[in-house]
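Fold and contact review
In case you want the letters, here they are:
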Amino acid sequence: MAEPRKARIATTSLAGCFGCHMAILDIDERLIELMKLVEIDRSPLTDIKRFTQRCDIGIIEGGCCNEENVHVLRDFRRNCDVLIAIGQCAIMGGLPVMRNAIMHSDAPLRECLEEAYITGRYIRNTTHDIPNDPALPLLLDEVYPCSEVVEIDYQIPGCAPTGDVIYETLTSLLAGKFHGFDRMHIKFD
Amino acid sequence: MSDQDITFTIDGVEITAKPGQTIMEAADEAGIYIPRLCDHEGLRHQGGCRVCTVKANGRSVAACTQPAAAGIAVENENTHVNKMRRDLVEMLFHEGNHLCPICEASGNCELQAMAYRLEMVDPTRFPYLEPCRAVDASHPDIALDTNRCISCGRCIRASKDVDGKGVFGYVGRGIHRRVAVNGEDLAHTDADAADHAMSDEVCPVGCIIRKRVGFVTPIGEREFDKGLIGYEIEGKRRG
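Cut-offs and rules
- Residues numbered from 1 in each chain as written.
- Chains lettered and ligands numbered in written order.
- Predicted model: local features only at pLDDT ≥ 70, side-chain atom pairs only at ≥ 80, totals over all residues.
- Heavy atoms only, no water.
- Helix = DSSP H or I, 4+ residues; strand = E, 2+ residues; numbered from the N terminus.
- Rg over C-alpha atoms; globule rule 2.2 N^0.38 Å.
- Buried < 20%, exposed > 50% of the residue type's maximum accessible area, 1.4 Å probe, protein only.
- Contact = heavy atoms within 4.5 Å.
- Areas by Shrake-Rupley, 256 points an atom, 1.4 Å probe, with all protein chains shown as cover.
- Lys, Arg positive; Asp, Glu negative; His and termini not counted.
- Charge placed at Lys NZ, Arg CZ, Asp CG, Glu CD.
- Pairing = 2+ DSSP bridges.
- Axes fitted to C-alpha atoms, helices over the stretch in contact; angles between N-to-C directions.

Quick notes on the overall build of chain B
If you tally the helices and strands in chain B, you get 5 helices and 10 strands. Relative to its length of 239 residues, chain B is compact, with a C-alpha radius of gyration of 18 Å against a globular reference of 18 Å. Relative to its full complement of 239 residues, chain B shows a buried share of 51%. Counted over contacts in chain B with a minimum sequence separation of 6, partners at least 24 positions apart contribute 64%. When the accessible area of chain B is evaluated, it comes to approximately 11,200 Å², of which 50% is carbon and sulfur surface. The centroid of the 28 positive side-chain charges in chain B is displaced by 4 Å from the centroid of its 36 negative side-chain charges.

Some thoughts on the sheet that holds strand E3 (residues 55–61) of chain A
All names here are of chain A. Taken in spatial order, the 5 strands of this open sheet run E2-E1-E3-E5-E7, and their pairing is parallel. Only two strands of the sheet have a single partner each, and these edge strands are strand E2 (38–40) and strand E7 (154–156). Averaged over all adjacent pairs, the angle separating strand axes in this sheet is 30 degrees, with direction ignored. Sheet strands in contact with helix H2 (residues 30–37) are strand E1 (7–13) and E2, and its direction is about 95 degrees off that of E2.

What about the sheet that holds strand E5 (residues 73–75) of chain B?
Whether parallel or antiparallel, the strands of a sheet pair through hydrogen bonds between backbone atoms. Residue and element names in this part refer to chain B. Pairing within the open sheet is mixed, and its 5 strands lie in the order E2-E1-E5-E3-E4. Unpaired on one side and paired on the other, strand E2 (13–17) and strand E4 (59–62) mark the two borders of the sheet. Geometrically, the sheet is characterised by an average inter-axis angle of 35 degrees between neighbouring strands, direction not taken into account. Sheet topology note: the strand E3 (residues 53–56)/E4 ladder contains 4 bridges and is antiparallel. Paired with alanine 56 across the strands is arginine 59, a residue of E4. With respect to the sheet, helix H2 (residues 79–95) is in contact with E3, E4 and E5, its orientation differing from that of E3 by roughly 150 degrees.

Structure follows, in structure tokens:
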């Protein structure tokens, strides 16, 4: 008898810190159980850079801070049936979103870059330039949560979510039995 | 139960209230939790945040200010009422800059805990307003990060009614209505770290920060890691 088709999962980290991917690995030995159900397509975990075929689930860590993030996110939306935003950065912008408003400035992005590369007290930048190599992805005016760029189907809150919550959510989604989180396991920190 | 006591129902459960009690006061005594943010034990009721909205005989009322009346049927926990509350809480998140991962109140924050209780986990439909607000760290013992203020006014009432001071007050109107300090900055008021208004129970979020105590209790061992907000009131009923 042929084995049932495994679900295909793709993951990516946009404007995130990779902490949510670390949290995915925090599933620990249950990864063996999970890998009986899924195959991982494009992902930093497999180092596959492009989609090899259509995926059932796309997992997005981080929001959008540059045009490459937007490009990747749209690529995920096109190639995945279900898109999951994982962690506070993907859900509401997270730490990078601090550059949008907490700078008391009319041009927060410029002020942020100037402090980071030119005026900051502890900077050693001999060229006194803000990096502008054409190979660098263009920064967006603001940092955007994923749901402002594409339609997101599910969100797993947390910074980062625990491995337990990720495992429970993924396995219940794969079984078609996901009915929300246990309220005691919802955390935004 | 005295002759003057009134009875009414919340979600079908019969509740006894003393004359003059609000729906919320009677519910608290009976061990039924009605979500609230601007209301706090020991402070005047304000009826500002509307998170305590219930249906009384089908009409939406603020349970913290609405007097209990004989025979009314109150709906508290149902999908429709909780959705309204969730939308209100979500809009509060969007109105300020509420970054839980960097906030020292995370885990003790009533706004965050309310979002957990009301299951605010779906992709948002509202825009983030991302206002630019200054941090006032002028006072030697207290800092104000108004990015996290939800304008509940608990500090205003605590300072005025309990401390007898008036350190805080509302300024502006409509969406521009904000809590401000009565002076150039907090250092130029008679605010003191021992004031009730500055205690960690009055500010529901991480706006009023007492310096040098931020992470004494680590994340994961805080107030709302013990249970959903309202667990103490609900515990009365089970006990």
